[in-house]
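# Coordinates in review
In case you want the letters, here they are:
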Amino acid sequence: MSFNRRTILKLSAAGLAAPMILRANDALAASGSVKVLAWGDYIQPNIAEAFEAETGITLELTTFGSNDEAESTIRANGGKGFDIVFPSITNSAGYIDDNGDSFFAAIPAGVNVDNVIPSFLRDSAALGGVFKGEQILLPFAWGTEGVTYNQAQMPINGQVSYGDLWADAAKGKAAFRQKSVIMGTGLYLDAIGEVPSNRMLDVYKSEDDARRVWGAITQWMLERKDNFGAFWNNATEASSAFTEAGAIIGQTWDTTGLLLNRDNADFVYRAPKEGIITWLDSFGILKQAKNPEQAVAFMNFMLKPETGGMFANNTGYNSAVVGAADFASEEFKTQFNEVYTSDVLGNMWWWQADTPFFGPVRDEFVEIITNA
């Protein structure tokens with residue numbers, strides 16, 4: 001894979017200006033078309049071709065590189081121009097029109113909603129998937145941030161914890177992204193009663209609560225700054241923290257830990273008992289979709305376990321479809337099943353929709369940690 005979602009996020013709108021149109025042959029074109037707006041690496045040619053061959057529907061695909069770009073495209077067109085859009089579920093509020101209604105329609109009865117992992121569907125309601133009592137977005141893809149550690153150099157008995165980053169054995173050898181570690185460490189401190197935060201949901205509640213919680217977490221971390229080994233902000237830096245800077249434990253993306261494991265089996269990626277930090281992307285049908293029947297067919301195709309496995313192989317992300325991992329590569333399947341047990345899938349900690357004060361206040365404390 002030559003690019004991934006984190007690379008796509010850096011692309012400019014200019015680089016994604018021209019929509020990529022994928023058409024079936026003329027004999028199949030009579031089945032109509034479906035217009036889709038998706039992340040740049042989500043619908044790769046093998047998925048597009050399989051969809052067209054199976055359904056006879058022409059796929060017209062336009063890609064985007066950020067949630068802001070997708071939202072502005074839909075808003076500029078008054079909710080028209082596409083049948084299906086793939087927003088991050090926490091960005092659903094960006095698709096509310098001037099009358100307070102969503103651009104997305106309720107998920108039609110013909111969509112195979114039962115193919116979505118039940119706990120994801122359940123949790124999606126609070127994240128933006130439900131609007132005015134109706135499901136408007138379905139979980140589609142997800143990724144996590146947990147703990148990667150070298151089990152030969154730092155064996156951990158029992159389930160790993162974010163608190164293990166601060167163990168004596170990790171002095172000078174812990175790696176993390178600053179803006180994430182204050183969330184993971186916060187979950188740990190909440191769990192042990194050190195810094196009550198309602199499982200870190202208080203930082204979204206008000207600016208005063210955010211300052212109270214992050215201030216206490218930052219102070220706690222600074223008292224243990226001897227454990228700081230390496231900071232990372234992208235996938236390359238995260239891997240280098242272990243392979244070059246000598247880190248033996250870190251809070252990392254799932255892809256970082258799994259790639260390290262491929263090269264060295266001593267590295268394992270695991271879900272902390274406090275809850276693995278998770279992002280969730282979704283998809284839904286616009287109210288003004290011109291091709292609603294074809295849109296339902298597209299959603300059902302994307303909700304097939306076989307398609308979910310193809311998606312995982314293409315991107316390295318996880319599919320929200322039940323059984324998708326069984327259709328991924330043997331390597332992906334093995335790693336997935338080792339990390340994502342049923343208990344883990346039922347105990348996700350989801351990134352919430354940002355409140356206006358969230359980013360600026362968090363950045364203040366990130367700077368304090370960085371300069372410590």
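In the block above lies the structure referred to throughout.
What counts, and at which threshold
- Position numbers for residues count from 1 along each chain, tracking the sequence in the order it is written.
- With pLDDT at 70 or above as the cut-off, local features in this predicted model cover only qualifying residues; side-chain atom pairs require 80 or more to be listed or tallied, and sums for whole chains, interfaces and linings still use all residues.
- With hydrogens and water excluded, all non-hydrogen atoms of the structure serve as input to the side-chain values.
- A helix here means a DSSP run of H or I that spans at least four residues, while a strand means a run of E at least two residues long, and both kinds are numbered starting from the N terminus.
- Whether a residue is buried, partly exposed or exposed follows from its accessible area with a 1.4 Å probe, protein chains only, as a fraction of its type maximum: under 20%, in between, or over 50%, in that order.
- Any pair of N or O atoms that falls within 3.5 Å is considered a polar contact. Within protein, one atom must be able to donate a hydrogen and the other to accept it, and sequence-neighbouring residues count only if both atoms are side-chain atoms.
- Here the aromatic set is Phe, Tyr and Trp, taking the six-membered ring for Trp, and pairing holds for ring centres within 6.5 Å; pairs whose planes are under 30 degrees apart are stacked, those over 60 apart are edge-to-face, and all others are tilted.
- For a lysine, the NZ atom is tested; for an arginine, the CZ atom; a charge sits over a ring if that atom is within 6 Å of the ring centre and within 35 degrees of the ring normal.
- For this analysis, residues touch if any pair of their heavy atoms sits within 4.5 Å.
- As used in this record, nonpolar core signifies buried Ala, Val, Leu, Ile, Met, Phe, Trp, Tyr and Cys residues forming a set joined through side-chain atoms within 4.5 Å.
- Orientation is described by lines fitted to C-alpha atoms, with helices fitted over the stretch in contact, and by angles between N-to-C directions that extend from 0 to 180 degrees.
- Under this scheme an angle from 65 to 115 degrees is roughly perpendicular, one under 35 degrees roughly parallel, and one over 145 degrees roughly antiparallel; angles in between are oblique.
- Take the far helix as your reference; a near helix turned counterclockwise from it by less than a right angle gives a left-handed crossing, and one turned clockwise gives a right-handed crossing.
- Working rule for helices: expected span equals 1.5 Å times residues minus one.
- The arc in question is formed by the directions pointing from the helix axis toward the C-beta atoms.
- By definition here, a salt bridge exists when the distance from a side-chain nitrogen of Lys or Arg to a carboxyl oxygen of Asp or Glu is within 4 Å.

Quick look at the side chain of D41 now. Examined against the element boundaries, D41 turns out to sit in the loop between strand 2 (33-39) and helix 2 (45-55). For D41, a relative accessible area of 0% puts it in the buried group. Within the local environment of D41, its side chain forms a polar contact with the side chain of Y317, the two groups lying 3.1 Å apart.

Going through the model one piece at a time under the given rule, you end up with 33 aromatic pairs. Ring centres of F86 and F298 lie 6.3 Å apart, and the angle between their planes is 85 degrees; on these two criteria the pair is classed as edge-to-face. With F86 in the loop between strand 4 (84-85) and helix 4 (118-129) and F298 in helix 9 (residues 292-302), the pair connects residues that are 212 residues apart, well separated along the chain. Judged by its relative accessible area of 0%, F86 falls in the buried class. Since its relative accessible area comes to 1%, F298 is described here as buried. Where F176 meets F228, the ring centres are 5.4 Å apart and the plane angle is 85 degrees; that geometry is what we call edge-to-face. With a gap of 52 residues between them, F176 in strand 8 (residues 174-176) and F228 in strand 9 (residues 228-231) connect regions that are remote in the sequence. The class for F228 is buried, based on a relative accessible area of 17%. The ring of W220 carries R224 above its face, with NZ or CZ at 3.8 Å from the centroid.

Examined against the element boundaries, L345 turns out to sit in helix 12 (residues 342-345). Not counting the four nearest positions on each side in its chain, L345 is found in contact with S119, F120, W142 and Y340.

Our next topic: the nonpolar core. Buried together is how nonpolar side chains tend to be arranged in soluble globular proteins. Ranked by internal contacts, the top residues of the largest apolar core, which has 108 residues, are Y42, I43, F86 and W214. Dropping the residues within four chain positions of it, I43 is found in contact with A38, A48, L59, L61, F86, F298 and M302. By size, the runner-up hydrophobic cluster in this structure holds 10 residues, among which are F242, A247, W253 and L260.

A few words on the packing of helix 2 against helix 9. Packed helix pairs are characterised by how far apart their axes lie and by the angle those axes make with each other. Across the interface, helix 2 lies against helix 9 with an axial gap of 11 Å and an inter-helix angle of 125 degrees. Viewed along their axes, helix 2 and helix 9 adopt a mutual orientation that is oblique. Where helix 2 crosses over helix 9, the handedness of that crossing is right-handed. Contacts between helix 2 and helix 9 involve I47, A50, F51 and E54 on the former and, on the latter, A297, F298, F301 and M302.

Once that is clear, we can look at helix 4. In a regular helix each residue adds 1.5 Å, so 12 residues correspond to 16 Å; helix 4 covers only 13 Å between its end C-alpha atoms and thus falls short of that length. Of the residues making up helix 4, those classed as buried are S119, F120, D123, S124, L127, G128 and G129. Down the axis, helix 4 shows its buried residues gathered within 150 degrees of arc, on one side only. Turned more than 90 degrees away from the buried face of helix 4, the exposed residues are P118, R122 and A126.

Quick look at the pattern of salt bridges now. A complete count under the given rule lists 12 salt bridges for this structure. One salt bridge in this structure joins K304 and E54, with 2.8 Å as the shortest N-O distance. Of this pair, K304 sits in the loop between helix 9 and helix 10 (305-315) while E54 sits in helix 2, and the two are 250 residues apart along the sequence. Between D209 and R212 there is a salt bridge, and its shortest N-O distance comes to 3.4 Å. With D209 and R212 both in helix 6 (residues 207-222) and three residues apart, the pair spans about one turn of that helix. Classification of D209 as buried rests on a relative accessible area of 17%. A relative accessible area of 39% means that R212 is categorised as partly exposed. Each member of the salt-bridge network shares a partner with another, and the members are D202, D209 and R212.

Glancing now at the side chain of T307. Relative to the assigned elements, T307 resides in helix 10. With relative accessibility at 3%, the residue T307 sits in the buried group. One polar contact links the side chain of T307 to the main-chain carbonyl oxygen of F301, over a distance of 2.8 Å. Residues in contact with T307, not counting those within four places in the same chain, are I47, F301 and M302.

Where helix 6 contacts helix 13 (residues 358-370), the axes come no closer than 10 Å and their chain directions differ by 15 degrees. The angle between the axes of helix 6 and helix 13 places the two elements in the roughly parallel class. The way helix 6 lies across helix 13 gives a crossing that is right-handed. Here helix 6 contributes E207, A210, R211, W214, G215, T218, M221 and L222 to the contact with helix 13, which in turn contributes F358, V361, R362, E364, F365, I368 and I369.

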